[in-house]
Amino acid sequence: MIEADFQIVHAGQLVCIGTERNEPGPRRRGELSSLAIIPDGALAARDGKIVWVGPTDQAGSNVTLTADAIDSNAGGRVVTPGLIDAHTHPVFAAPRHLEFEMRAAGKSYQEIAAAGGGIRTSVAAMRANGLGDLIAKGRRVADRMLALGTTTAEAKSGYGLSLEAEIKLLEAIREVNALHTIDWVPTALAAHDFPAEYQGRHEEYVTLIVEEILPAIADRRLAEFNDIFFDTGVFDRAQTERIQTRARSLGFGLKFHVDELSDVDGAALAAEMGAVSADHLVFISQKGIAALADSPTVAVMLPGTAYFLDLPRRPPVRQMIEAGVAVAVATDCNPGSNMTESMPLAMNQACVLYKMSPAEVLVGGTLNAAWALGRAQSIGSLAIGKQCDLVVWDARDYREIAYHYGVDLAVTVIKNGKVGK
Ligand code: NIG
Ligand code: FE
C-alpha cells in the first residue's frame, strides 16, 4: 500500500497529459493533442508530490491515507494539472486604461509608444512606487492567477529599466513568490525598452545592462532567465546578441520577445542561441519556423496580445505545429498589451484566433509551458514524482475549459497537495 496525505477520487476525466515523468522533450505535432485521460480517475500525493494515479475503483486497494489526509471527491468533474503561464509581466505600479481607450479610438500600440506612452508610462510609475506597495499589488495579481487555475507563472521585470528599479521589481517578485501559494519563476527583462533618459545613447544603456544590471541580478540570484524585446524600434540584432551572450555566461537561461510587431528574423536567433523559449512570433518567417522545429526552444504563443492590440496578422500556428515546432500558450499578462490573468481565456483565444485544438491548448498551457520554464521534470502533468498541482473544473469534458469563456470554471485549485482555492 502507498501512504498518502492527499487524495482525490471520481474525476470524470483525470487528464494526466502524460503519465511518465521524464519525457524526452517538449511535445510536438500529434503529441500536442495526446492527453492520457483516465475516466473516473483518482490521484494520491504525499508531501506535495504525486505518489499514485489510476482508476478510482483501484484507489482503495493501492492507497492508504494518513490520519490528517485531505480526502476529496471531484464528483465526476474534470481534473487537470495546474495551468502554467509561461509569459507574464505581473508586477506593475498602475493600470494603463487610458491607452486602452486610445486604441479603441483608433491609435495603435506603436503610435502610443512613440508618443511617450506604452512601457515608459509603466516605468515612470514603477520608479515612483515603494517596494511594499508593489508587493501588495503583485499579490493581488497572484490571487487572480491562482483563482483562475494557474499554479505556476513566469514573472518578468522590465518596468524598472535602471539598476535600482529592476532590482526593486525583482525583489517584489521574490517576495510575492515567498508569501503566496503560487510559484512565480523570475525572469530579468531590463532589455524591455530604452529608458527615456538614454534617448540618443542607446549603446550606453546596453552597456549598463551588460556591465551592471545583469551581474547585480546574478549576484543576488534574483532571476533564472533573461529576456529581451528584439523587434523594430526596440533592441536590434547586435544589441540582442551582446546582451544575451552576457546573460548566458552569467548562468541565465534565455528567453526572447521576438517577431511580435514585425519580422526581425528573431525566432532563428533565439533557437541559435539555445533559448528555452521564443515568445509572440506573430510575424515569424519560414526560416524561423524551420529553426524552431529543429531546436528544443519552445514557441510561446500569446493570442491574447494579438487580440488586445488587434494586431493585423496571425502567426501561422498550424503550419508551425505541422513543421514540428513545440508550442505553448500563455497570457502575456501586463497592463499595456494584455490586461488579464486568465489562462483559460488565453486557451480560448488560441483555439478561436490561432485554430489550435482544445487538446493542443491544454498541453500548451501545462506540459509544454513547463518546458518553456525548464521545469518539465517537476510540473506540467499528473505523473508520479511530480508536484501535486491540479485543478478541478466545473466541466465534464476537458474541451469545456477552452470553450466556455468569460466565466471562472476553476472550482478547486490544489498546489503542492494543499488547497489553494
Ligand atoms: O509582451 N512586447 C513587449 N512587452 C510587452 C508589453 C509590455 C507593455 O506594453 O507594458 C508584451 O507585449
Ligand atoms: Fe510580454
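## Here's the deal with the coordination of the iron ion (ligand 2)
Piece 1. Within the first shell, the iron ion (ligand 2) binds the protein through His 87 (NE2), His 89 (NE2), His 257 (NE2) and Asp 332 (OD), at distances of 2.1 to 2.2 Å.
Piece 2. Donor residues for the iron ion (ligand 2) sit on one chain with the sequence pattern H-x1-H-x167-H-x74-D. You can see His 257 sitting in strand E10 (residues 253-258) and its partner Asp 332 sitting in the loop between strand E13 (327-329) and helix H12 (343-354), a full 75 residues away along the chain.

## Considerations on the pattern of salt bridges
Piece 1. Following the criterion strictly, the structure yields 20 salt bridges and no others.
Piece 2. Asp 389 serves as the salt-bridge partner of Lys 415, at 2.8 Å between the closest nitrogen and oxygen. Of this pair, Lys 415 sits in strand E15 (residues 410-415) while Asp 389 is found in the loop between helix H14 (367-372) and strand E14 (390-393), placing the two residues 26 residues apart along the sequence. With respect to class, Lys 415 is no different from Asp 389; both count as buried.
Piece 3. The residue Asp 408 makes a salt bridge to Lys 421 at a minimum N-O spacing of 2.8 Å. Here Asp 408 is found in the loop between helix H15 (399-403) and E15, whereas its partner Lys 421 is found in the segment after strand E16 (418-419), with 13 residues between them in sequence.
Piece 4. Among the charged side chains, a salt-bridge network with shared partners connects Glu 154, Lys 156 and Asp 227.

## Regarding the packing of aromatic side chains
Piece 1. Summed over all chains, the structure comprises 4 aromatic pairs.
Piece 2. Relative to Tyr 205, the ring of Tyr 198 has its centre 5.3 Å away and its plane inclined at 50 degrees; by these criteria the two rings are tilted. Pair check on accessibility: Tyr 198 and Tyr 205 agree, each one buried.
Piece 3. An aromatic cluster is built from Phe 194, Tyr 198, Tyr 205 and Phe 235, whose rings are joined through pairwise contacts.

## Notes on the environment of Asp 259
Piece 1. Considering the arrangement of structural elements, one finds Asp 259 in the loop between E10 and helix H8 (266-272).
Piece 2. Along the sequence, Asp 259 and Ile 284 sit 25 residues apart, while their C-alpha atoms lie 5.7 Å from each other.
Piece 3. Setting aside residues no more than four positions away along its own chain, Asp 259 makes contact with Phe 230, Asp 231, Val 264, Asp 265, Gly 266, Ala 267, Leu 281, Val 282, Phe 283 and Ile 284.
Piece 4. Only 3.0 Å separates the side chain of Asp 259 from the backbone nitrogen of Val 264, close enough to count as a polar contact.

## A closer look at empty space enclosed by the protein
Piece 1. Counted according to the given criterion, the structure contains 2 cavities of 30 Å³ or more.
Piece 2. Along the walls of the largest cavity sit 13 residues, with His 89, Tyr 109, Ile 119, His 192 and Ser 337 positioned nearest its centre.
Piece 3. Partitioned by chemical class, the residues of the lining of the largest cavity number 4 nonpolar, 6 polar and 3 charged.
Piece 4. Of the pockets and cavities examined, the second largest cavity occupies roughly 50 Å³.
Piece 5. In terms of lining residues, the second largest cavity is bounded by Pro 81, Gly 82, Ile 84, Thr 151, Thr 152, Ile 379, Gly 380, Ser 381, Leu 382, Gln 387 and Asp 389.
Piece 6. Here the lining of the second largest cavity is built from residues that sort into 4 nonpolar, 6 polar and 1 charged.

## Focus on the state of the cysteines
Piece 1. Under the defined criterion, the tally for this structure stands at 0 disulfides.
Piece 2. In this structure Cys 388 is a free cysteine whose sulfur lies 12 Å from that of Cys 16, the closest cysteine sulfur available.

## Some remarks on the nonpolar core
Piece 1. Of all hydrophobic cores here, the largest spans 123 residues; its most connected members are Trp 184, Tyr 205, Phe 235 and Leu 281.
Piece 2. A per-element tally of this core places helix H6 (residues 202-219) first, with 9 residues.
Piece 3. Sequence-distant contacts of Trp 184, defined by excluding residues within four places in its chain, comprise Pro 90, Val 91, Gly 138, Val 141, Ala 142, Met 145, Ala 153, Ala 155, Ile 173, Val 176 and Asn 177.
Piece 4. Judged by nonpolar contacts, the second largest core, of 17 residues, contains Ile 8, Ala 45, Val 392 and Ile 414.

## A closer look at the site of ligand 1
Piece 1. Close contacts around ligand 1 come from 15 residues, with Tyr 109, Tyr 159, His 192, Glu 260 and Ser 337 the closest.
Piece 2. Contact between ligand 1 and His 89: an oxygen atom at 3.4 Å from a side-chain N or O atom of the residue.
Piece 3. In this structure, Asp 332 approaches ligand 1 through a side-chain N or O atom, which is 2.9 Å from an oxygen atom.
Piece 4. Summarising the interface, the protein chains cover 100% of the accessible area of ligand 1, which totals 330 Å² for the free molecule.
Piece 5. If you map ligand 1 onto the pockets, it falls in the largest cavity.
Piece 6. Within the shell around ligand 1, the residues separate by chemical class into 4 nonpolar, 8 polar and 3 charged.

## Here's the deal with the sheet that holds E13
Piece 1. Ordered in space as E6-E7-E8-E9-E10-E11-E12-E13, the 8 strands form an open sheet in which the pairing is parallel. In the strand order of this sheet, the two ends are held by strand E6 (83-85) and E13, each with one partner. Neighbour-to-neighbour, the strand axes of the sheet open up by a mean angle of 25 degrees, direction not taken into account.
Piece 2. Two elements, strand E7 (residues 150-156) and strand E8 (residues 183-191), share 5 bridges in a ladder whose sense is parallel. Bridging across to E8, Glu 154 finds its partner in Val 185.

## Some words on the layout of surface pockets
Piece 1. Roughly 340 Å³ of internal volume is contained in the largest pocket.
Piece 2. As for the largest pocket, its lining consists of 17 residues, and the residues nearest its centre are Ala 113, Ala 114, Asp 193, Gly 233 and Val 234.
Piece 3. Elements supplying a minimum of two residues to the lining of the largest pocket: helix H2 (109-114) and helix H3 (119-128).
Piece 4. In terms of residues, the lining of the largest pocket owes the most to one element, H2, which gives 4 residues.
Piece 5. Looking at the lining of the largest pocket residue by residue, the classes come out as 8 nonpolar, 7 polar and 2 charged.
Piece 6. Together, 16 residues line the second largest pocket, and Arg 103, Ser 108, Leu 309, Asp 310 and Leu 311 are the ones closest to its centre.
Piece 7. Of all the secondary structure elements, the ones that give two or more residues to the lining of the second largest pocket are helix H1 (97-104), H2 and helix H10 (303-308).

What counts and how
- Residues numbered from 1 in each chain as written.
- Chains lettered and ligands numbered in written order.
- Predicted model: local features only at pLDDT ≥ 70, side-chain atom pairs only at ≥ 80, totals over all residues.
- Heavy atoms only, no water.
- Donors = N, O, S within 2.8 Å, 3.2 Å for Na, K, Ca; no water.
- Helix = DSSP H or I, 4+ residues; strand = E, 2+ residues; numbered from the N terminus.
- Salt bridge = Lys/Arg side-chain N within 4 Å of Asp/Glu carboxyl O.
- Buried < 20%, exposed > 50% of the residue type's maximum accessible area, 1.4 Å probe, protein only.
- Phe/Tyr/Trp six-rings, centres within 6.5 Å; stacked < 30°, edge-to-face > 60°.
- Contact = heavy atoms within 4.5 Å.
- Polar contact = N/O pair within 3.5 Å; in protein donor to acceptor, adjacent residues only side chain to side chain.
- 1 Å grid on protein atoms, 1.4 Å probe; cavity = no way out; pocket = protein on both sides within 12 Å on 5 of 7 lines; lining within 4 Å.
- Points joined across faces, edges and corners; volume = space filled by probe spheres on them.
- Nonpolar A, V, L, I, M, F, W, Y, C, P; charged D, E, K, R; others polar.
- Disulfide = S-S within 2.5 Å.
- Core = buried A, V, L, I, M, F, W, Y, C linked by side-chain atoms within 4.5 Å.
- Near = heavy atom within 4 Å.
- Areas by Shrake-Rupley, 256 points an atom, 1.4 Å probe, with all protein chains shown as cover.
- Sits in = over half its atoms within 2 Å of the grid points.
- Pairing = 2+ DSSP bridges.
- Axes fitted to C-alpha atoms, helices over the stretch in contact; angles between N-to-C directions.

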